[in-house]
Amino acid sequence: MHSLPVPPTRVVPSRTTSSAPSSRRRTIQLVVLCLIVSFVGASLTYNFLHGQDIVNCMNTRNPAMAGGSVGETTIIFKTIAPSSPSSASSLSSTEGPTTHFVHEIELNSHDPHAAKDGDELENFPTVLIATPIRQKENSIQRYFTLVEKLDYPKDRISWALLVGDSTDTTEEKIIKEFRALKGYRKLMVVKKDFNFQVNERMRHAMNIQQTRRSYLAQIRNSLIVSALTDEDWVLWIDSDVFSFESNMLKRLLELKKDIVAPHIVMPSGQTYDLNSWQETDKSRDMQKRLKENEVLIEGYPGKNTYRKHMDEIKGVQELDGVGGAVLLVNGEAHRRGLMFPMFPFKHQLETEGLGKMAREMGFIPFGTTEVKVIHK
């Protein structure tokens, strides 16, 4: 089992201003953040100690590992309260009840390539692969093929997907693919609709980014709280990555960093994911002049943040913000409450906000240009 030193307790400082109302808002936000972090940490700690998540879903294991009998493939449904629709004018919302349930696939046979009893299992820590997915019926096969080709013992891998707000057959295809898999430690499909719809051609429009990234943060947080139990690591993989090497997971683990982002590039080699970056003296100075709740978004004309992105660093270096196309996170960091901020945290949201929060908690993010993932 991968062990971690206990990081020192830190208090997130709030920046004082001359405006009393602004100071009160900041205080309220920090209190809300502390409550959310405490809830996430408590939920994940409960998962770890009791072997079940907050939606009371059964934590079905590989029968060959658990010593149980091999049975028929089963799907279990559990429900919790729905999310509220968005009121943002730039995004469309749907009405009606939203069902949140969990499918867990009972595994039917043991993987012949799984780690054997005589192997040094400490070399193969357990990993949860986590993927939010929506409207991907035409490309989902590529995703499954990529993950299936990972050179890693399947009985050390848990695999969870959150599907929501899809109007196509994505969910049905996921369940069909999962039924055909063998040897994995745990397979889970979490269904939760967030009543969030945005035109795919407009999803990168600047005027909707704060709302969109806030929703993405909620989606990631729901997935990790529902799926993570005792896994040593979490490997976040977006459903639309194009390709990566089969040894990617092993190479990221070999770096022995609590959080590490590979270099996400286009087929041309140009950096795709600008959400992985280092602060500079100029970027820190610029942020001192920002409004308290202003959010910085990378890669937009006229919005220079003066940060160093992955194409400006070499090798393995510390980062301040991280992207989530592929991201390895120590499971203990999530269990201690590391989350994806859905409101501005040090001027960032979602994955970049996670990078900022991780530093406050004592977990330092790293990026590596030596491991590449292709994204179109």
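Residues numbered from 1 in each chain as written. Predicted model: local features only at pLDDT ≥ 70, side-chain atom pairs only at ≥ 80, totals over all residues. Heavy atoms only, no water.

## With respect to unusual backbone geometry
Working step 1: Of note, the phi angle at Q135 is positive, near 50°, even though the residue is not glycine.
Working step 2: Mapping Q135 onto the fold places it in the loop between strand 2 (127–133) and helix 3 (140–148).
Working step 3: Despite not being glycine, D165 shows a phi value in the positive range, around 60°.
Working step 4: With respect to the element layout, D165 can be found in the loop between strand 3 (157–163) and helix 4 (170–179). (Helix = DSSP H or I, 4+ residues; strand = E, 2+ residues; numbered from the N terminus.)

## With respect to the pattern of salt bridges
Note that side chains of opposite charge can pair when their charged atoms are close.
Working step 1: Going through the model one piece at a time under the given rule, you end up with 20 salt bridges.
Working step 2: In this structure, R213 and E352 form a salt bridge, with 2.9 Å as the shortest nitrogen-oxygen distance. Within this pair, whereas R213 is found in helix 5 (residues 209–227), its partner E352 is found in helix 9 (residues 350–361), the two being separated by 139 residues in sequence.
Working step 3: In this structure R213 comes out as buried when scored by relative accessible area, which is 5%.
Working step 4: Look at E352 and you get buried, because its relative accessible area is 1%.
Working step 5: Measuring nitrogen to oxygen at the nearest pair gives 3.3 Å for the salt bridge that ties R336 to E332.
Working step 6: The exposure class of E332 is partly exposed, given its relative accessible area of 26%.
Working step 7: Because the salt bridges share partners, they merge into one network encompassing R213, R220, D238, E350 and E352. (Salt bridge = Lys/Arg side-chain N within 4 Å of Asp/Glu carboxyl O. Buried < 20%, exposed > 50% of the residue type's maximum accessible area, 1.4 Å probe, protein only.)

## Brief notes about the packing of helix 5 against helix 9
Each packed pair of helices is defined by two parameters, the angle between the axes and the distance between the axes.
Working step 1: Their axes nearest at 8 Å, the elements helix 5 and helix 9 cross at an angle of 65°. Relative to helix 9, helix 5 is oriented roughly perpendicular. Taking contact as the criterion, the partners of R213, L216, A217 and R220 in helix 5 are, on helix 9, E350, T351 and E352.
Working step 2: The residue inventory of the contact of helix 5 with helix 9, partitioned by class, reads two nonpolar, one polar and four charged. (Axes fitted to C-alpha atoms, helices over the stretch in contact; angles between N-to-C directions. Parallel < 35°, antiparallel > 145°, perpendicular 65-115°, else oblique. Contact = heavy atoms within 4.5 Å. Nonpolar A, V, L, I, M, F, W, Y, C, P; charged D, E, K, R; others polar.)

## A closer look at the packing of helix 3 against helix 4
Working step 1: Packing of helix 3 against helix 4 brings their axes to within 11 Å, and their N-to-C directions diverge by 30°. Judged by the inter-axis angle, helix 3 sits roughly parallel to helix 4. Between helix 3 and helix 4 the crossing geometry is right-handed. Seen from helix 3, the contacting residues are I140, Q141 and F144; seen from helix 4, they are T170, K173, I174, E177 and F178.
Working step 2: Its residues assigned to classes, the contact of helix 3 with helix 4 shows four nonpolar, two polar and two charged. (Left-handed = near helix turned anticlockwise from the far one by under 90°.)

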